[in-house]
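Read off the chains here:
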Amino acid sequence: MRRNILTGLAAVLLLVSCNNNEKMLDSLADYNNAKEAKGYHFGDKLDLPKEVTDHAESISISFGDKETANLVVDPQFFGLGDNEVVFVIKTKNGETLNQDATINVFAKNPEQNLSYTILADYPHDPTFFVEGFLAEGNTIYESDGLKGASQLIKYTLGSTTPAMVKKQPADIFSEGCAIVGDKIYQLTYQNKIGFVYHKNTLEKLSEFPLPNVIGEGWGLTYDGKNLIATDGSKNLYFLDTDNPSKVVKTVSVAGNTETYDKLNELEYHHGFIYANVWFKPVILKINPETGEVVGKFDFTQITKENNQGNEENVLNGIAFKGENMLVTGKNWPKIYEVAIK
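Residues numbered from 1 in each chain as written. Predicted model: local features only at pLDDT ≥ 70, side-chain atom pairs only at ≥ 80, totals over all residues. Heavy atoms only, no water.

### Some points on the overall build of the chain
Check the secondary structure of the chain and you find three helices and 25 strands. A globule of 341 residues ought to have a C-alpha radius of gyration of about 20 Å, yet the chain, at 25 Å, is considerably larger. Taking the principal axes of the C-alpha coordinates as reference, the chain spans close to 95 × 40 × 35 Å. The burial tally for the chain puts 49% of its 341 residues in the buried class. For the chain, the share of sequence-separated contacts (at least 6 apart) that also reach a separation of at least 24 residues comes to 53%. Surface accessibility of the chain: about 15900 Å² in total, with carbon and sulfur atoms responsible for 50%. Charged side chains in the chain number 32 positive and 45 negative. The centres of these two groups are separated by 3 Å. (Helix = DSSP H or I, 4+ residues; strand = E, 2+ residues; numbered from the N terminus. Rg over C-alpha atoms; globule rule 2.2 N^0.38 Å. Buried < 20%, exposed > 50% of the residue type's maximum accessible area, 1.4 Å probe, protein only. Contact = heavy atoms within 4.5 Å. Areas by Shrake-Rupley, 256 points an atom, 1.4 Å probe, with all protein chains shown as cover. Lys, Arg positive; Asp, Glu negative; His and termini not counted. Charge placed at Lys NZ, Arg CZ, Asp CG, Glu CD.)

### As for the nonpolar core
L46, I61, F78, F87 and I103 are the most contacted members of the largest nonpolar core, which has 24 residues in total. Elements with a minimum of two residues in this core: α1 (2-38), β1 (56-63), β3 (81-91) and β4 (96-105). Once residues lying within four places of it in the same chain are set aside, the contact partners of I103 are Y40, L46, I61, F78, G81, D82, N83, V85 and F87. Among the nonpolar cores identified, the runner-up in size contains 15 residues, and L266, V277, V282 and V293 belong to it. (Core = buried A, V, L, I, M, F, W, Y, C linked by side-chain atoms within 4.5 Å.)

### Digging into the pairing of β4
Where a strand is regular, its side chains alternate between the two sheet faces. The buried fraction of β4 is high, at seven of ten residues. Between β3 and β4, which pair antiparallel one after the other, the connecting turn spans four residues, and G94 there sits at a positive phi close to 90 degrees. (Pairing = 2+ DSSP bridges.)

### Here we look at unusual backbone geometry
Positive phi, normally seen in glycine, also occurs at Q308, with a value near 55 degrees. Tracing the backbone through its elements, the reader meets Q308 in the loop between α3 (300-306) and β23 (315-321). Classification of Q308 as exposed rests on a relative accessible area of 54%. Residues other than glycine seldom take positive phi values, yet N331 does so here, at roughly 60 degrees. Of note, N331 is situated in the loop between β24 (324-329) and β25 (334-340).

### What about the packing of aromatic side chains?
For any two aromatic rings, the description comes down to two numbers: the centre-to-centre distance and the angle of the planes. Taken as a whole and assessed by the stated rule, the structure comprises twelve aromatic pairs. Geometrically, the ring pair formed by Y185 and F208 is tilted, given 6.4 Å between the ring centres and 55 degrees between the ring planes. Remark: F208 occurs in strand β14 (residues 204-209) and Y185 occurs in strand β12 (residues 183-188); sequence separation between them is 23 residues. What makes Y185 buried here is its relative accessible area of 7%. Residue F208 is classed as buried on the basis of its relative accessible area, which comes to 8%. Measuring from centroid to centroid gives 6.4 Å for Y274 and F297, while their planes differ by 35 degrees, and the two rings are tilted. Residue Y274 is located in strand β20 (residues 272-277), and its partner F297 is located in strand β22 (residues 293-298); the two are separated by 23 residues in the primary sequence. In this structure, Y274 and F297 share a single accessibility class: buried. (Phe/Tyr/Trp six-rings, centres within 6.5 Å; stacked < 30°, edge-to-face > 60°.)

Written as structure tokens, this is what we have:
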């Protein structure tokens, strides 16, 4: 009889424990789902439900190989945008519970809507599928994509005839490019390599493997110290210029209410990164130290005028001619010079 009573008590305790655990995880899931769209800002405290805190001996958040028991959104652990984490809960009865969650972190300040004035437009060859776009005065360097048609070209602004052309092998899909001194660095889309050319002759000097963390090559720019690459995600990858296969740091990009992924062609100018967003007629102005989007240009009208009804002909090309911005897109017939405010 005694054994039956003990067995019955153990079963009851197990049932109570399972119910408590289920309630804890359900309440934590509801909390996470409610906060995912609203998001957090750096410095915010994670006020977890009482169903969790009342039955927990300890709570920590795991970030792969990192873990913290500080339930504050600390930039030491979190990046802007969506952070995939695991809540690790040690209950008062000695059990350990895990729950996956996404913690979205947004910039504290809303993005400014930035204005511009169109000063001039120039012809552009509409057969060029622009992936990288650079300017030095009136000299344009352009990396065009698509397999079998990829090339690096050099021409004078206002002319549609290249002064110099470097054709790529048929299996190469060229992407973003950046000037560093007398060299041009160029990414490829899915070939997992990059190229280095002499700026004056477009002679290929070397090639390098893309870092493993970069799934695809998209945009590229240079901030005076590091190359900065995108791969279609929310991330900016800072690369060692002497060894572009090495990632120095990664910065995630977000605004006040949304994460910006599909970051594409890039340009660095006066301490900020300007970025196209694939399939959006906007250019973002990004603080490269934090990843915060501080401003946004809307180029909806000129995109409609130049994409010829083809949604693939997206806005994708940013360069600076002095203080003015040059913008173009894939297969666009024009390049625009705009004064930004």
